[in-house]
Amino acid sequence: MSDGPLRVWYAAYGSNTHAERLGYYLAGGRPPGAARVFPGCRDPRGPAASVALLLPGCVYFATESSVWGGGRAFYDPAADGTAWGVAYLLTAGQFSDIAAQEMYRPPGTDLDLTEVLATGRCSLGPGRYETLVCCGFLDGAAGDGEGEGLPVLTFTAPAEGERSEPRPPSAAYLRHLAAGLQRTGAWRPDEVAGYLAGCPGAAGHWTPQAVADLSVPTAPTGPPGRPSRCRPGPRRS
């Protein structure tokens, strides 16, 4: 890796908003109901901190998930709106290994983050989740100064690709995403249901009430609080 940060915030907006799901990417193993075994990260430790997060742009559902059925979540940083997620404070190596697993590549190689930190975007390939995005930076998000001023990174589909093929997400996927967002304590169950039902791909197929009916309210892992918001990062080329 080039001379980049030793730690980063990983912005999860899909299934990894659920901390237990993220644990399989970190420590390895087979999530319940999944056919795939994750190899895990070189460093299997849990995040140093996590915070509910607001990102510029939107989450949309497209393509077909082999795990969940229905559309899977992608992030469009250039779209109008606000995306909801969870930021995890990880080492840059852990982020590299999680990204590799999402790209169906073997973990173990540190990503060169130079381009994404300088321009806001970096393409590692044409596939789904092979585009890195720097969403901005977080200041004092952990409440004790830990992680202050570090970049917020995630991965998504190429800008010109998946949004032309929206696909409604499955009930199981929405239930999982709702549980992950609710556990932060930043949003009420009805707010989460309204947010997910309004995301492109879900809108017009799912109503807030239908999402609320299938999701089970999840006890927050921390005290209620306002979600953190990224301060602007590099201009995306």
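Anything mentioned here points back to the structure above.
Keep in mind it's a predicted model, so treat the numbers as computed, not measured.

Conventions adopted
Residues numbered from 1 in each chain as written. Predicted model: local features only at pLDDT ≥ 70, side-chain atom pairs only at ≥ 80, totals over all residues. Heavy atoms only, no water. Pairing = 2+ DSSP bridges. Helix = DSSP H or I, 4+ residues; strand = E, 2+ residues; numbered from the N terminus. Contact = heavy atoms within 4.5 Å. Axes fitted to C-alpha atoms, helices over the stretch in contact; angles between N-to-C directions. Parallel < 35°, antiparallel > 145°, perpendicular 65-115°, else oblique. Left-handed = near helix turned anticlockwise from the far one by under 90°. Nonpolar A, V, L, I, M, F, W, Y, C, P; charged D, E, K, R; others polar. Salt bridge = Lys/Arg side-chain N within 4 Å of Asp/Glu carboxyl O.

## Concerning the sheet that holds strand β5 (residues 82–91)
Ordered in space as β6-β7-β8-β1-β5-β2-β9, the seven strands form an open sheet in which the pairing is mixed. Only two strands of the sheet have a single neighbouring strand rather than two, namely β6 (121–123) and β9 (228–229). As defined by bridge partners, strand β2 (residues 50–56) adjoins β9 across two bridges and the pair is classed as parallel. The partner of Leu-54 across the bridge, within β9, is Arg-229. Contacting β1 (7–12), β5, β7 (131–138) and β8 (150–156), helix α2 (residues 92–102) runs over the sheet at an angle of about 125° to β5.

## A word on the packing of helix α4 (residues 171–182) against helix α5 (residues 189–198)
Where α4 meets α5, the axes come as close as 10 Å, and the angle between the chain directions of the two elements is 135°. Here α4 lies oblique to α5, going by the angle between them. Relative to α5, the crossing made by α4 is right-handed. Taken together, the residues of α5 that come into contact with α4 (itself represented by Leu-174, Leu-177, Ala-178, Leu-181 and Gln-182) are Pro-189, Val-192, Tyr-195 and Leu-196. Within the contact of α4 with α5, the residues separate by chemical class into eight nonpolar, one polar and no charged.

## A look at the pattern of salt bridges
Tallying each qualifying case throughout the model produces eight salt bridges. The partner of Glu-130 in a salt bridge is Arg-105, and the shortest N-O contact between them spans 3.4 Å. Remark: Arg-105 occurs in the loop between α2 and α3 (114–119) and Glu-130 occurs in the loop between β6 and β7; sequence separation between them is 25 residues.

Limitation: the analysis is restricted to geometry and does not speak to function.
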